[in-house]
Amino acid sequence: MIRMLIPAPRVPNIRRMSSLLLILLLVPLLVSPGCIRSDSPVESTNTAPSVVETPIASPPRPTAASPASASPTAERASPAPASPASPTVGESASPTNQADGETVPEGQEVDLPNVELAYEIDATVEDFDAGKIAATMTASVTSREDAPIEQLFFRVPPEIDDFFTLRSLERDGQEIEPESSDGGTTLEVSLDPPLVPGSTVTLRFAFDLDLDSARQADPFNNAVVDDPVLRVGYWYPMLSNDAGFPPLLDPPYTVVADFDVRLVAPADVIVAAPAVDASPPVEVEGGVEYRWELENGRDFALMLSREYEVEERTVAGVLVRLYTVPSLYGEGDAERQRAIRERIFEVAELSLAEYARLIGPYQWQTLVIAEGGRYLGGGIEYTALTIIDVAADWLDVLVAHEVVHMWFYAAIGTRTQDDPWIDEGVATFLSEGLLNGYEFSSDDGRGNYADSLDASVYDLEGRSFNDWVPNIYAQGGSFFADLYIEMGDEDFWTAMREVYDTQLFDIITPYELLTIFQSATDEDLTPLYERYVAYEWIGE
């Protein structure tokens, strides 16, 4: 039975439900022939022995031709580049242009601006208990487009709950007025004059956050007071597109950026951040000033609590920091709490080592695993940081799943709303495979689910909760399990490393993903693809 820390009166808002949070709410629905197995060696953490004695099976070793285990800074032998797109995945499809001029099928474009992006954020926690934060953010946007950019769109996730107030917006020092849409969750910034290729525009947002839990609609907010934790995730205007706030799952769809973040927080508050300190914390008026720098981040999240206890270990060159709240797990039993913390470190260490070996190096200096608060029922991923319910059952798969997202979401981006199956499917497959030794049986594909695997969050809007969650998570995991069965160990991991090598810090589309996998094997994957997805270009 999966533990849920959701008070009965609260109704989950699916517009904010994210990642393994959904898996932990609906594990019984996700058990499918090719995905979560009832005989998986994942044990409950209800007793201390199950936390420390559960065996973890190691994935199969790559063949001699595969890269050796690598630290985040190690050199890797790159597999041979994928051959040109196979006719089985769309040689005759209708062309559209990507930023690099590649011809791709219609509907497989990346509709984000091709830019170099840097954020400088200066924030002050003015009232920790009420979640009041005042901030300024400067977004420096350098165009790599071939044509002038006339507008930019910024997504504002906290405004879905009225938690965000824009005080002012300036372009290169001149105040401007953005257009607001989708209930204020999208800001359109018109550029007059347009941003010409190779030039940079500087946009300075001044804003306030009021993350008051008394107005919290449900426990799945990324930015909210969840006593004793102040969650500060997806909290600033994020460069995105004009699709609006998604009806399901995660709000961010964005390019990677470099972050320079300064925060002033009360002296008695412990801050979890996804980077090492750029400079030592210093006492200032109002508390302690912190500063961090993060390169190639998909986002920058912070978690704050007066009750955090912190442990850290270095694993293969990665500093792993664990932030726990003693009152929220282990029922006050110090020995049991110690066993749970050890288990988190054990699974995180195995996950970091195996995903790096099988896919490619971890890309950041740190990995933060933090308790997300009293009402968090699972986990949510951010760049180099994940929040979890430390008291959750299935703690092994929770940690393993969220660490996968450091590769698929953070390092390798997706069109989050169009293709939710990619990162969640990979995370479901890899985390379950890590824990069961990659032993799977085949699935019949989309016939077992509410819709085909390629359904977007917009296609699934209005579906029952019990339909759309398995459609993305269980079917996605089963698809990659069937690919693994069909291709075999060597070809599958060759393709996965090719995905990493060609798509690192980029946005991968289904066309690119399926082309890479087809190019890595002599097997015709068309029948398998057609069992799961309904893209018109499959088989053409």
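Here, the structure is the one placed above.
These numbers were taken from a predicted model, which means no experiment stands behind them. (Residues numbered from 1 in each chain as written. Predicted model: local features only at pLDDT ≥ 70, side-chain atom pairs only at ≥ 80, totals over all residues. Heavy atoms only, no water.)

(A) The overall build of the protein, seen in detail. Broken down by element type, the protein carries eleven helices and 25 strands. Restricting the contact set of the protein to residue pairs at least 6 apart, pairs at least 24 apart contribute 75%. Carbon and sulfur atoms form 46% of the exposed surface of the protein, whose accessible area is close to 19400 Å². (Helix = DSSP H or I, 4+ residues; strand = E, 2+ residues; numbered from the N terminus. Contact = heavy atoms within 4.5 Å. Areas by Shrake-Rupley, 256 points an atom, 1.4 Å probe, with all protein chains shown as cover.)

(B) Region of the structure containing unusual backbone geometry. At the junction of Asp-192 and Pro-193, the peptide bond is cis and its omega measures out at 10° in the coordinates. Inspection of the secondary structure assignment puts Pro-193 in strand S9 (residues 186-195). The step from Asp-227 to Pro-228 runs through a cis peptide bond, and the omega angle for that step is 10°. Position of Pro-228 among the secondary structure elements: in the loop between strand S11 (223-226) and strand S12 (229-232). Even without a glycine there, the phi angle at Asp-182 is positive, about 50°. In this fold, Asp-182 is placed in the loop between strand S8 (179-181) and S9. Here the phi dihedral of Trp-394 falls at roughly 55°; this positive angle occurs in a residue that is not glycine. Summarising the element assignment, Trp-394 is placed in the loop between strand S23 (385-388) and helix H5 (395-404).

(C) Examining the pairing of strand S22 (residues 379-382) more closely. Residues Gly-379 and Glu-381 point to one face of S22 and Ile-380 and Tyr-382 to the other, with burial holding for every one of them. When S22 meets S23, the two strands line up antiparallel, connected through four bridges. The residue of S23 that forms the bridge with Gly-379 is Ile-388. Here S22 folds back onto S23 in antiparallel fashion, the turn holding two residues, of which Ala-384 has a positive phi close to 60°. (Buried < 20%, exposed > 50% of the residue type's maximum accessible area, 1.4 Å probe, protein only. Pairing = 2+ DSSP bridges.)

(D) Here's a closer look at a negative patch on the surface. Together, Glu-486, Asp-522, Glu-523, Asp-524 and Glu-530 line one region of the surface with negative charge. Given a relative accessible area of 83%, Asp-522 falls into the exposed group. (Patch = residues over 30% accessible without salt bridge, like charges linked within 9 Å, V, L, I, M, F, W, Y side chains within 5 Å. Salt bridge = Lys/Arg side-chain N within 4 Å of Asp/Glu carboxyl O. Lys, Arg positive; Asp, Glu negative; His and termini not counted. Charge placed at Lys NZ, Arg CZ, Asp CG, Glu CD.)

(E) Seen up close, the nonpolar core. Judged by nonpolar contacts, the single largest core of 148 residues is most densely connected at Trp-235, Leu-304, Trp-407 and Phe-517. Among the elements that line this core, the one with the most residues is helix H4 (residues 334-358), at nine residues. Non-local contacts of Leu-304, meaning those with residues more than four positions away in its chain, are made with Val-125, Phe-128, Pro-228, Val-229, Leu-230, Val-232, Leu-263, Ala-265, Val-269, Ile-270 and Val-271. (Core = buried A, V, L, I, M, F, W, Y, C linked by side-chain atoms within 4.5 Å.)

(F) Just the side chain of Thr-521, in detail. Turning to its location among the elements, Thr-521 is positioned in the loop between helix H10 (510-519) and helix H11 (526-532). Within the structure, Thr-521 has its side chain in polar contact with the backbone nitrogen of Glu-523 (distance 3.0 Å). Filtering out sequence-adjacent residues up to four positions away, Thr-521 remains in contact with Met-487 and Asp-491. (Polar contact = N/O pair within 3.5 Å; in protein donor to acceptor, adjacent residues only side chain to side chain.)

(G) Structural detail: the packing of aromatic side chains. Within this structure, the stated rule accounts for 36 aromatic pairs. When the centroid spacing of 5.3 Å and the interplanar angle of 75° are considered together, the rings of Phe-479 and Tyr-532 count as edge-to-face. Here the residue Phe-479 occupies a position in helix H8 (residues 465-487), and Tyr-532 occupies one in helix H11, the gap between them amounting to 53 residues. Over the face of the ring belonging to Phe-345 we find Arg-313, whose NZ or CZ atom lies 4.1 Å from the ring centre. (Phe/Tyr/Trp six-rings, centres within 6.5 Å; stacked < 30°, edge-to-face > 60°. Lys NZ or Arg CZ within 6 Å of the ring centre and 35° of its normal.)

(H) Just the sheet that holds strand S3 (residues 115-127), in detail. Spatially, the eight strands line up as an open sheet ordered S7-S6-S10-S4-S3-S14-S17-S16, and their pairing is mixed. Lying at the two open borders of the sheet, with one neighbouring strand each, are strand S7 (174-175) and strand S16 (277-284).

(I) Molecular detail of the environment of Asn-222. On the secondary structure map, Asn-222 appears in the loop between strand S10 (200-210) and S11. Using a relative accessible area of 5% as the deciding quantity, one classes Asn-222 as buried. Linking Asn-222 and Glu-381, residues 159 residues apart in sequence, is a C-alpha distance of 9.9 Å. A distance of 2.7 Å separates polar atoms of two side chains, one belonging to Asn-222 and the other to Tyr-382.

(J) Just the packing of H8 against H10, in detail. Close contact between H8 and H10 brings their axes to 11 Å; oriented N to C, the two are set at 20°. Classed by the angle they form, the pair H8 and H10 counts as roughly parallel. H10 is crossed by H8, and the crossing has right-handed handedness. Residues Phe-479, Phe-480, Leu-483 and Met-487 of H8 form the contact with H10, whose participating residues are Leu-513, Leu-514 and Phe-517. The residue inventory of the contact of H8 with H10, partitioned by class, reads seven nonpolar, no polar and no charged. (Axes fitted to C-alpha atoms, helices over the stretch in contact; angles between N-to-C directions. Parallel < 35°, antiparallel > 145°, perpendicular 65-115°, else oblique. Left-handed = near helix turned anticlockwise from the far one by under 90°. Nonpolar A, V, L, I, M, F, W, Y, C, P; charged D, E, K, R; others polar.)

Any functional reading would require information that these geometric values do not contain.
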